[in-house]
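# Structure at a glance
Each chain is listed here by its residues.
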Amino acid sequence: MTPGASVRHLACIMDGNGRWAQNRGLDRTHGHMAAHHAFDAIVDGALGEGVEWLTLFAFSTENWARPEEEVTFLVHFLAERVIKRSVSRMHQRGVRLRLLGWEDPRIPVDVMDRLREAEELTRRNTTLHLTLAFNYGGRRDLCETARSLVSQGVTPERISPDTFARHMALPELPDVDLLLRTGGEHRISNFLLWHCAYAELVFLDVLWPDFRAPHFQHALELYRQRQRRFGAVGPATAPGPDHPADDGTAWPGADGRTVLPAVAAQPGRTGRAGLLGLPTTIASHLGASLLNGLKETARFALLQFSDDHGQTHGPEPW
Ligand code: IPE
Ligand code: IPE
Ligand code: MG
């Protein structure tokens, strides 16, 4: 990936609400209620950065296992507070809101109605596709896809990644570029398993209710320092938080861990690359090629040298 490349699809596991509340001696539901500023921050950030797809994990198929009061609160809260409060503003800003997940008898009809109304109102918008994963699980998505393929009589030889994706719950949903999870856990928790095959993973320690614009920018900065190869061979690895450069100055990131300054991966800003006046990735690539070339030259020269002096390197074929 070219440093500075943009994120087309950002997916976010909004985690840490319960701990945020518990840290304040409050009931877990207060953490969910306090999360609307974070919701605004990520939507505003996505709109500001030209992200086309934003998928938010609002309620997982496993979250039904939580205490009944919390489940009831969560299910109502999404429709009553998040959607009711924000839908007209989102609509004005060209956001298309969609649900990803499955209906369930445990989801009250009025909640479903409100969500469907929001989908209907915004269905012609194209600036940002905001998908709320609600009663969603990646494994169920895969199982339902398999079921759909079988029920529609798709023969085994016609099953390819493209065919498979066309049978998924939301076929238009593109591959995730950046998967962001707040709350300090380093796991995917059954989110978009298919779509995250080559996602860059960014885990921040910030608890979701505290998530704001600087955290959004920090996540994007970390993403821009990554180098995506998709299984191919790319240029030498650019220095970034995962591959510390030897000439960067460490600083504590918003996630509490030490990362390098954002400029470390910017064109011409690191030591050796800076001296050459070249972008870091190109400079490192040239450096590696140059070194290999020199080694080859030296090897060849050694062979020549020993031949010139009548030495052999093992038995000749004749
Ligand atoms: C994420 O926060 C919100 C949902 C799962 C809906 P949590 O409620 O999981 O918060 P923690 O992880 O327990 O702190
Ligand atoms: C993932 O968070 C689901 C959502 C954010 C909706 P969880 O808090 O449910 O995940 P685990 O249980 O820590 O893996
Ligand atoms: Mg959690």
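### What about the overall build of the chain?
For the chain, the helix and strand inventory stands at 10 helices and 8 strands. Buried residues in the chain amount to 44% of all 318 residues. Of the contacts formed within the chain by residues at least 6 apart in sequence, a portion of 70% connects residues at least 24 apart.

### A short note on the packing of aromatic side chains
Evaluation of the coordinates by the stated rule reveals 10 aromatic pairs. A ring pair is formed by Phe57 and Phe191, whose centres lie 4.3 Å apart and whose planes are at 10°; its orientation type is stacked. Within this pair, whereas Phe57 is found in strand S2 (residues 53-60), its partner Phe191 is found in the loop between strand S5 (178-181) and strand S6 (200-203), the two being separated by 134 residues in sequence. Both residues of the pair, Phe57 and Phe191, count as buried. Measuring from centroid to centroid gives 5.7 Å for Trp102 and Tyr136, while their planes differ by 10°, and the two rings are stacked. Placement of the pair is Trp102 in the loop between strand S3 (95-100) and helix H5 (109-121) and Tyr136 in strand S4 (residues 128-136), with a sequence separation of 34 residues. Among the residues examined, Tyr136 registers a relative accessible area of 0% and is labelled buried. A network of ring pairs unites the aromatic residues Phe57, Trp102, Tyr136 and Phe191 as a single cluster. Of note, Arg24 hangs over the ring of Trp20, and the distance from its end group to the ring centre comes to 3.8 Å. The lysine or arginine in question, Arg106, covers the ring of Trp64, its NZ or CZ lying 4.1 Å from the ring centre.

### Regarding the environment of Phe134
Within the secondary structure layout, Phe134 lies in strand S4. What makes Phe134 buried here is its relative accessible area of 4%. When the C-alpha atoms of Phe134 and Ala58 are compared, they prove to be 5.3 Å apart, with 76 residues separating the residues in sequence. Among residues more than four places away in sequence, those in contact with Phe134 are Phe59, Val75, Leu78, Leu99, Leu100, Gly101, Trp102, Ile107 and Leu115.

### Focus: the nonpolar core
With 50 residues, the main nonpolar core has Ile42 and Phe211 as its most contacted residues. Ranked by the residues each element gives to this core, the list is headed by helix H4 (residues 68-92), at 10 residues. Once you skip the residues sitting within four places of it in the chain, Ile42 turns out to touch Leu10, Cys12, Leu54, Leu56, Leu180, Trp208, Phe211 and Phe216. Grouped together as the second largest cluster of nonpolar side chains are 16 residues, Trp53, Tyr136, Val176 and Ala199 included.

### Focus: the confidence of the model for the chain
Put simply, the chain has an average pLDDT of 81, and 72% of its residues get 70 or more. Low pLDDT, under 50, characterises residues 237-290; the stretch is placed with 85 contacts to residues that sit more than four places away or in other chains. Note on residues 303-318: pLDDT is under 50 here. Beyond four places in sequence and across chains, it has 4 contacts.

### Things to note about the site of ligand 1
Lining the immediate environment of ligand 1, one finds 13 residues, of which Asp15, Gly18, Arg19, Arg28 and Arg66 sit closest. Within the contact set of ligand 1, an oxygen atom lies 3.1 Å away from a backbone nitrogen or oxygen of Asn17. Here Gly18 contributes a backbone N or O atom positioned 2.9 Å from an oxygen atom of ligand 1. Relative to its free-state accessible area of 370 Å², ligand 1 is covered by the protein chains to the extent of 87%. Of all elements in the fold, only helix H1 (17-22), helix H2 (28-33) and H4 reach the threshold of two or more residues within the shell around ligand 1. Per-element accounting of the shell around ligand 1 gives the leading share, 3 residues, to H1. A breakdown of the residues in the shell around ligand 1 according to their chemical character gives 3 nonpolar, 5 polar and 5 charged.

### Regarding the site of ligand 2
Looking at ligand 2, the residues that line it are Ile13, Met14, Asp15, Phe57, Ala58, Phe59, Asn63, Arg66, Arg181, Arg187 and Ser189. Interatomic distance of 3.3 Å between a side-chain N/O atom of Arg181 and an oxygen atom of ligand 2. About the coverage of ligand 2: the protein hides 78% of its 390 Å² of free accessible area. Classifying every residue of the shell around ligand 2 gives 5 nonpolar, 2 polar and 4 charged.

### Details of unusual backbone geometry
With the exception of glycine, the majority of residues adopt a negative phi angle, and the majority of peptide bonds are in the trans configuration. Of note, Asn135 is a non-glycine position whose phi angle comes to about 55°, a positive value. In the Ramachandran plot, Asn190 falls in the positive-phi region, its phi being about 65° despite a non-glycine side chain. Along the chain, Asn190 turns up in the loop between S5 and S6. Since its relative accessible area comes to 14%, Asn190 is described here as buried.

### Examining the sheet that holds S5
An order of S3-S4-S2-S1-S5-S6 is seen for the 6 strands of this open sheet, with the pairing classed as parallel. Single-partner strands in this sheet number two, and they are S3 and S6. Going from strand to strand, the sheet's axes swing by 20° on average, the running direction of each strand aside. With 6 bridges connecting them, S3 and S4 associate as parallel partners. Counterpart to Arg98 in the pairing with S4 is Thr131.

What counts, and where the lines are drawn
- Residues numbered from 1 in each chain as written.
- Chains lettered and ligands numbered in written order.
- Predicted model: local features only at pLDDT ≥ 70, side-chain atom pairs only at ≥ 80, totals over all residues.
- Heavy atoms only, no water.
- Helix = DSSP H or I, 4+ residues; strand = E, 2+ residues; numbered from the N terminus.
- Buried < 20%, exposed > 50% of the residue type's maximum accessible area, 1.4 Å probe, protein only.
- Contact = heavy atoms within 4.5 Å.
- Phe/Tyr/Trp six-rings, centres within 6.5 Å; stacked < 30°, edge-to-face > 60°.
- Lys NZ or Arg CZ within 6 Å of the ring centre and 35° of its normal.
- Core = buried A, V, L, I, M, F, W, Y, C linked by side-chain atoms within 4.5 Å.
- pLDDT = per-residue confidence, 0-100.
- Near = heavy atom within 4 Å.
- Polar contact = N/O pair within 3.5 Å; in protein donor to acceptor, adjacent residues only side chain to side chain.
- Areas by Shrake-Rupley, 256 points an atom, 1.4 Å probe, with all protein chains shown as cover.
- Nonpolar A, V, L, I, M, F, W, Y, C, P; charged D, E, K, R; others polar.
- Pairing = 2+ DSSP bridges.
- Axes fitted to C-alpha atoms, helices over the stretch in contact; angles between N-to-C directions.

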